[in-house]
Amino acid sequence: MQQLAYDDIKAATDRITGHVRPVAVAPVDPGAVRTAYPDSPDGRSKTPGEVWFALEFLQHTGSFKARGAQNFIQAHREAGTLPDAGVTIASGGNAGLACAWAARQQGVRATVFLPTVAPAVKVAKLRELGADVRIVGAEYAEALEACAEFAVTTGALASHAYDHPLIAAGAGTLLEEIHARVPGLDTVVVSVGGGGLFAGVATAARHHGIRTVAVEPENCRALTAAVEAGRPVDVPVDSVAIDSLGARRATALALHAARREDVRCVLVPDDEIVRARQTLWDRHRVAVEHAASTALAALTAPAPYGYRPGEGEKIAVVLCGANTDPGDLTRPAAAGN
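My aim in this report is to walk through the structure given alongside it, one point at a time. Computed from a prediction, not measured in an experiment: that's the story for all the values here. (Residues numbered from 1 in each chain as written. Predicted model: local features only at pLDDT ≥ 70, side-chain atom pairs only at ≥ 80, totals over all residues. Heavy atoms only, no water.)

Moving on, we come to unusual backbone geometry. Both trends apply: most residues other than glycine have a negative phi, and most peptide bonds are in trans. The omega torsion across A303 and P304 is 10 degrees, close enough to zero to call that bond cis. Along the chain, P304 falls in the loop between helix 13 (290-300) and strand 10 (314-318). Positive phi, close to 65 degrees, is recorded for T61, a residue that is not glycine. The topology assignment puts T61 in the loop between strand 2 (50-54) and helix 3 (65-79). Here R285, not a glycine, exhibits a phi torsion of approximately 55 degrees, which is positive. (Helix = DSSP H or I, 4+ residues; strand = E, 2+ residues; numbered from the N terminus.)

Now the structure itself:
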């Protein structure tokens, strides 16, 4: 089975340092993210000792994907394997943005294939970055098929939104930075689509003795299904977070990482993802996409969903992206305010 090693994370860190924004972290009131549902055996909810938000939505192009894209393109630049036809990628939006941004930095053309579910805000940003945008199919898998065919016919270098060791290793650099900024961290919570971010973060976290909680929407459970089946399998996808977390199949890299004893895989329903996203806006004035609020929903969803931290546990929640239309987050001010 394909594996990712900590040395891959270190190599990616050396390669992209200075080319991406270091992650900012912010402490939050643990009580603000404590589950509102008294579902513990003694009838009380536990409160973590510390909770930190990793504000990766402040990254270039608005998501963690910039890390993997930089690592991928720079590694090929170093190896002399960047073709004249440029790079191509299929994406729900964020990986395409990161690829186009990194390609423009290196003076390389980028052709990005998107499914019709990609938000208009992401399509517009891609065009601003100079990418050749092609919208194909209703799901990511259909855009991926078209991208693969384009790479064969044109000679363009095919990147991937998540299923490539260089992409996953680049994503893992995020945990290196979180670890340096939050001493004594016990647990990192990340949302999962195809598993690139998770595989990289979990690999680095294991090296530092940190638990990883992998969070999926209830109806986009590619990683959970892979763990249950013992191999990557196709799953149906249907979620409010489908544009970023709608992979039909988790990667072998992600499955290998998920089999470790220091990893927990949990599911959350869509209504809790929506509620967590609204909470981030109402309490913190942070506007993120549903893929980011999926991670927070692991701490706020009622049983049997989500993750229950131990008393005093120090947790970092990765807010992975903010390429969203925040118009649905604004609520009228209460009377008298």
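There is more to say after this.
Next up on the list: the packing of helix 3 against helix 4 (residues 94-105). Helix-helix packing: each pair is described by the crossing angle between the helix axes and the interaxial distance. In the contact formed by helix 3 and helix 4, the axes pass within 8 Å of each other and the chain directions differ by 45 degrees. Accordingly, the angle class assigned to the pair helix 3 and helix 4 is oblique. The way helix 3 lies across helix 4 gives a crossing that is right-handed. Facing helix 3, whose interface residues are K65, A66, A69, Q70 and I73, helix 4 presents N94, A95, A98, C99, W101, A102, A103 and Q105. (Axes fitted to C-alpha atoms, helices over the stretch in contact; angles between N-to-C directions. Parallel < 35°, antiparallel > 145°, perpendicular 65-115°, else oblique. Left-handed = near helix turned anticlockwise from the far one by under 90°. Contact = heavy atoms within 4.5 Å.)

Looking now at the pattern of salt bridges. As enumerated under the stated definition, the model contains twelve salt bridges in all. Note that E50 is salt-bridged to K314, the shortest N-O span being 3.7 Å. With a gap of 264 residues between them, E50 in strand 2 and K314 in strand 10 connect regions that are remote in the sequence. Judged by relative accessible area, E50 falls into the partly exposed class, the value being 33%. Among the salt bridges present, the one from K122 reaches E289, with a minimum N-O distance of 3.5 Å. Placement of K122 in helix 5 (residues 120-128) and of E289 in the loop between helix 12 (270-284) and helix 13 is noted, with a sequence separation of 167 residues between them. Accessibility assignment for this pair places K122 and E289 in one class, buried. Each member of the salt-bridge network shares a partner with another, and the members are E56, R67 and E177. (Salt bridge = Lys/Arg side-chain N within 4 Å of Asp/Glu carboxyl O. Buried < 20%, exposed > 50% of the residue type's maximum accessible area, 1.4 Å probe, protein only.)

What follows covers the environment of E261. Assignment of secondary structure puts E261 in the loop between helix 11 (252-258) and strand 9 (263-268). Between the C-alpha atoms of E261 and Q3, which are 258 residues apart in sequence, the distance is 16 Å.

Attention now goes to helix 1 (residues 6-16). Within helix 1, burial applies to Y6, I9, A12, T13 and I16. Taken around the axis of helix 1, the buried residues stretch over an arc of 120 degrees, which confines them to a single face. Structural note: helix 1 exposes D7 and D14 on the side pointing more than 90 degrees away from its buried face. Looking at the packing, one finds that the buried side of helix 1 touches helix 3, helix 7 (165-181) and helix 8 (196-207). At the C-terminal side of helix 1, G18 shows a positive phi close to 90 degrees. (Arc of directions from axis to C-beta.)

Mapped onto the elements of the fold, S239 is located in the loop between helix 9 (222-229) and helix 10 (242-245). The exposure class assigned to S239 is buried, which follows from its relative accessible area of 8%. In this structure the side chain of S239 is engaged in a polar contact, spanning 3.0 Å, whose partner is the backbone nitrogen of A241. Beyond its immediate stretch of four places on either side in the chain, S239 contacts P217, C220, D270 and I273. (Polar contact = N/O pair within 3.5 Å; in protein donor to acceptor, adjacent residues only side chain to side chain.)

Our next topic: the state of the cysteines. Such a bond, covalent and formed between the sulfur atoms of two cysteines, is termed a disulfide. Counted according to the given criterion, the structure contains zero disulfides. Here C99 stays unpaired: no disulfide links it, and the sulfur of C147, its closest cysteine neighbor, is 8.6 Å away. The exposure class assigned to C99 is buried, which follows from its relative accessible area of 3%. Not engaged in a disulfide, the cysteine C320 finds its nearest cysteine sulfur in C220; these two sulfurs lie 14 Å apart. (Disulfide = S-S within 2.5 Å.)

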